[in-house]
Amino acid sequence: MDFTFSEEQQAAAEAAAGVFADVAPDGVPSPADTTGAVADDFDRALWARLADADLLSLLLDEAYGGAGLDAIALCLVLRESAKVLARVPLLESSAAAATVQAYGGEELRSALLTRAGRGDLVLTVAAHGRTGHDPAELAVTARRDGDRWVLDGVQTAVPWAHNADLVVVPAHTDADRTVLALVTPDREGVVLAEQISTTGERLGELRLDSVPIARVDVIDADGAWEWLRDLLTVGTCALALGLGTAVLRMTGEYTSRREQFGFPVATFQAVAVQAADRYIDLRAMEATLWQAAWRIASGASGPLPAAADLAVAKIWAAEGVRRVVQTAQHLHGGFGADTEYPLHRYHAWAKHLELSLGPAAAHEEALGDLLAAHPLG
């Protein structure tokens, strides 16, 4: 295990930092200013800049205009995006395209991947099941009907569903297998209802009523959904790390400027201890993230399956990002609740990331099951 990043991975992170340098977090639409969605679309201008910097095709092979990099490179870019609350479907579209490349047929790859890498085609993933607490692959059924598949069911909280060109939907078959269907949101039999995240962004409840899907648009290879879910999970952990890093830096700068009794509050022991605890959280989030990303990227074996490392990373990401923003809110005092100051936006985004793809408790349960099935020692 080597956490030294390659030159290509570092170059991707530097390119991302350059693109995101122009994004102002206090300009991100605030959920405190409206009862509905903060915007009708994601940041298309930023999306175009990411495409121009070749950051939408990181995981794609050169044949599709990509860089052929791995999950670690994607996580480095996602970490930078979360520092500024970038409103783009970078994780979902990148993970979906990578899954099509790894598991899809040649016809599907040829039709989608080059366009996705250029940013001309936006993909998202229905990964939260019917309620957000049940397995996503069990929320929709898929049955064969001649040379096509037919989908029925409901997926909740689909990110960017109202703006994506295709939604990757996991579905359960009669043979107890999971397939991935690529669904256009405006096709017959699909109903897309609006839901609002804690971030104020539009989510979609995707209802499928006997929706026919061409065979070419369905990925039925074993392991495709598990690989996609793992990539989404580790990417969510990277977003949490980036957000937490930005919030702790913001807190350090504020407490160094804010004075009481003639001294910066950062010099007070009670403040310094709380900030130090949150720094330890971030380092634990970082270590577990890169361990999980390395397992995905390398395919290396270990005493436990890679799913265990992913569970540990998501536990730390969920708990750590929550503690970081709560401490930041406390140390900022009333100033942290000012809607003209960006901290409340980070707080809202942190809550969304904490619960995305399962809260810490769900992953603790999964980790317990893995430990029971694979006793150590």
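Higher on the page you've got the structure.
Residues numbered from 1 in each chain as written. Predicted model: local features only at pLDDT ≥ 70, side-chain atom pairs only at ≥ 80, totals over all residues. Heavy atoms only, no water.

Caption draft 1: Layout of the nonpolar core. Grouped together as the largest cluster of nonpolar side chains are 94 residues, with contacts concentrated most on Phe 20, Leu 50, Val 234 and Leu 243. The leading source of residues in this core is helix α6 (residues 224-257), at 17 residues. Core analysis: the next-biggest nonpolar cluster, separate from the first, contains 19 residues, Ala 142, Val 169, Leu 206 and Val 211 among them. (Core = buried A, V, L, I, M, F, W, Y, C linked by side-chain atoms within 4.5 Å. Buried < 20%, exposed > 50% of the residue type's maximum accessible area, 1.4 Å probe, protein only. Helix = DSSP H or I, 4+ residues; strand = E, 2+ residues; numbered from the N terminus.)

Caption draft 2: Main features of unusual backbone geometry. Residue Asp 54 is not a glycine yet carries a positive backbone phi of 60°. Its place among the elements puts Asp 54 in the loop between α2 (44-52) and α3 (71-83). The phi dihedral of Trp 160 falls on the positive side, at around 60°, and the residue is not glycine. Counting through the fold element by element, Trp 160 comes out in the loop between β3 (148-159) and β4 (166-172).

Caption draft 3: Region of the structure containing the packing of α6 against helix α8 (residues 306-332). One way to put it is that α6 packs onto α8 with a least axis distance of 9 Å and a crossing angle of 25°. With respect to their mutual orientation, α6 and α8 come out roughly parallel. Viewed along their axes, α6 and α8 form a crossing whose handedness is left-handed. Looking at the contact of α6 with α8 residue by residue, the classes come out as 16 nonpolar, six polar and two charged. (Axes fitted to C-alpha atoms, helices over the stretch in contact; angles between N-to-C directions. Parallel < 35°, antiparallel > 145°, perpendicular 65-115°, else oblique. Left-handed = near helix turned anticlockwise from the far one by under 90°. Nonpolar A, V, L, I, M, F, W, Y, C, P; charged D, E, K, R; others polar.)

Caption draft 4: Up close: the packing of helix α1 (residues 7-20) against α3. Contact geometry of α1 with α3 gives a least axis separation of 9 Å together with a crossing angle of 20°. With respect to α3, the element α1 is oriented roughly parallel. Both α1 and α3 take part in a crossing whose hand is right-handed. Contact residues: α1 offers Gln 9, Ala 12, Ala 13, Ala 16, Ala 17 and Phe 20, while α3 offers Ile 72, Ala 73, Leu 76, Val 77, Glu 80 and Ser 81. (Contact = heavy atoms within 4.5 Å.)

Caption draft 5: Local environment of the packing of aromatic side chains. For the structure shown, the criterion picks out four aromatic pairs. Arranged with centres 5.5 Å apart and planes meeting at 65°, the rings of Phe 42 and Trp 47 form a pair that is edge-to-face. Of the two residues examined, Phe 42 and Trp 47, each falls in the buried class. A network of ring pairs unites the aromatic residues Phe 42, Trp 47 and Trp 160 as a single cluster. One residue, Arg 283, lies across the ring of Tyr 279, its end atom 4.8 Å from the ring centre. (Phe/Tyr/Trp six-rings, centres within 6.5 Å; stacked < 30°, edge-to-face > 60°. Lys NZ or Arg CZ within 6 Å of the ring centre and 35° of its normal.)

Caption draft 6: Focus on α2. Burial in α2 covers these residues: Leu 46, Trp 47, Leu 50 and Ala 51. One side of α2 holds all its buried residues, which, seen down the axis, span an arc of 145°. Looking at the buried positions of α2, the neighbouring elements they touch are α1, α4 (90-103) and α5 (106-118). Looking at where α2 begins, the residue whose side-chain oxygen comes 3.3 Å from the main-chain nitrogen of Ala 45 is Asp 43. (Arc of directions from axis to C-beta. Polar contact = N/O pair within 3.5 Å; in protein donor to acceptor, adjacent residues only side chain to side chain.)

Caption draft 7: Focus on the pattern of salt bridges. Enumeration over the complete set of coordinates arrives at 20 salt bridges. Put simply, Arg 44 and Asp 41 hold a salt bridge, and the shortest N to O gap is 2.8 Å. Residue Arg 79 pairs with Glu 80 through a salt bridge whose shortest N-O separation is 3.9 Å. On the basis of relative accessible area, Glu 80 is assigned to the buried category, the value being 13%. Among the charged side chains, a network of salt bridges with common partners joins Arg 278, Asp 281, Glu 319, Arg 322, Arg 323, Lys 351 and Glu 354. (Salt bridge = Lys/Arg side-chain N within 4 Å of Asp/Glu carboxyl O.)

Caption draft 8: A look at the side chain of Gln 101. Within the element layout of this structure, Gln 101 appears in helix α4. A distance of 2.7 Å separates a polar side-chain atom of Gln 101 from the backbone nitrogen of Asp 61. Apart from residues no more than four positions distant in its own chain, Gln 101 is found in contact with Leu 59, Leu 60, Asp 61, Tyr 64, Arg 109 and Leu 113.

Caption draft 9: Region of the structure containing the pairing of strand β6 (residues 190-196). The sheet contact formed by β6 and strand β7 (residues 202-214) spans seven bridges and is antiparallel. Bridged to Ile 196 within β7 is Arg 202. The antiparallel hairpin formed by β6 and β7 contains five residues in its connecting segment, where Gly 200 sits at a positive phi of about 90°. (Pairing = 2+ DSSP bridges.)

Caption draft 10: Layout of the environment of Glu 340. Relative to the elements of secondary structure, Glu 340 occurs in the loop between α8 and α9 (343-355). Remark: the alpha-carbon pair of Glu 340 and Val 140, spanning 200 residues in sequence, is separated by 42 Å.

Caption draft 11: A look at the state of the cysteines. Evaluated as defined, the whole model comprises zero disulfides. Free cysteine: Cys 75, not disulfide-bonded; nearest cysteine sulfur from Cys 237 at 7.9 Å. For Cys 75, a relative accessible area of 1% corresponds to the buried category. (Disulfide = S-S within 2.5 Å.)

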